[in-house]
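# Inside the fold
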Amino acid sequence: AQIFAFVGFLELAVMKDIEGTGNEFVGDFRNGALDFGWDSFDEETKLSKRAIELNNGRAAQMGILALMVHEKLDGNPYIINSLLGSPVAFN
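Let me begin by describing the structure that accompanies this report.

## Re the overall build of the protein
Assigned secondary structure in the protein consists of three helices and zero strands. The secondary structure elements of the protein, listed N-terminal to C-terminal, are α-α-α. Across the 91 residues of the protein, 9% fall into the buried class. Long-range pairs, those at least 24 residues apart, make up 2% of the contacts in the protein with a sequence separation of at least 6. A total accessible area of about 7,600 Å² is found for the protein, and carbon and sulfur atoms account for 65% of it.

## Considerations on the layout of surface pockets
Each pocket or cavity is described by its volume, and for the largest pocket that value is around 390 Å³. The biggest single contributor to the lining of the largest pocket is helix 2 (residues 43-74), with four residues. Residues of the lining of the largest pocket, tallied by class, amount to eight nonpolar, two polar and five charged.

## Observations concerning the pattern of salt bridges
Overall, the coordinates contain one salt bridge when judged by the stated rule. Glu 43 is the salt-bridge partner of Lys 46, the closest N and O atoms lying 3.9 Å from each other. Here Glu 43 and Lys 46 lie together in helix 2, a separation of three residues that amounts to about one turn. Looking at Lys 46, the relative accessible area reads 7%, which means it is buried. A relative accessible area of 54% means that Glu 43 is categorised as exposed.

## Details of the packing of aromatic side chains
Within the structure shown, the criterion is met by one aromatic pair. Plain terms: the ring middles of Trp 38 and Phe 41 are 6.1 Å apart, the flat faces sit at 85° to each other, and that makes the pair edge-to-face. The ring of Phe 41 has Lys 49 lying over it, and the distance from NZ or CZ to the ring centre is 5.1 Å.

## Looking at a nonpolar patch on the surface
Judged by side-chain polarity, Ile 3, Phe 6, Val 7, Phe 9, Val 14, Met 15 and Phe 29 come together as a nonpolar surface patch covering roughly 670 Å² of accessible area. Owing to a relative accessible area of 40%, Met 15 belongs among the partly exposed residues under this scheme.

## Examining the environment of Arg 30
By the secondary structure assignment, Arg 30 is in the loop between helix 1 (2-14) and helix 2. Note: C-alpha distance between Arg 30 and Ile 18 (twelve residues apart in sequence) is 9.3 Å.

What counts and how
- Residues numbered from 1 in each chain as written.
- Predicted model: local features only at pLDDT ≥ 70, side-chain atom pairs only at ≥ 80, totals over all residues.
- Heavy atoms only, no water.
- Helix = DSSP H or I, 4+ residues; strand = E, 2+ residues; numbered from the N terminus.
- Buried < 20%, exposed > 50% of the residue type's maximum accessible area, 1.4 Å probe, protein only.
- Contact = heavy atoms within 4.5 Å.
- Areas by Shrake-Rupley, 256 points an atom, 1.4 Å probe, with all protein chains shown as cover.
- 1 Å grid on protein atoms, 1.4 Å probe; cavity = no way out; pocket = protein on both sides within 12 Å on 5 of 7 lines; lining within 4 Å.
- Points joined across faces, edges and corners; volume = space filled by probe spheres on them.
- Nonpolar A, V, L, I, M, F, W, Y, C, P; charged D, E, K, R; others polar.
- Salt bridge = Lys/Arg side-chain N within 4 Å of Asp/Glu carboxyl O.
- Phe/Tyr/Trp six-rings, centres within 6.5 Å; stacked < 30°, edge-to-face > 60°.
- Lys NZ or Arg CZ within 6 Å of the ring centre and 35° of its normal.
- Patch = residues over 30% accessible without salt bridge, like charges linked within 9 Å, V, L, I, M, F, W, Y side chains within 5 Å.

Structure below.
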């Protein structure tokens, strides 16, 4: 319940797309508060880093999909459980 409350707080109070606060692209929720050196990069480096981040996200989604497919194929919920010798009864 605490996680849902925290995520709800972030969605309603922190992660807003406020116009005129330096948002450079859709999904840029820094709102002028966080920098971490992003503004010091040139445009080519920014585009490269954004493309890298998108590809990492896609790879993570494919990894989760592969875990779900594996779970449905043999009935074990996690690959690591069978590798460590402690399979878990599932369904």
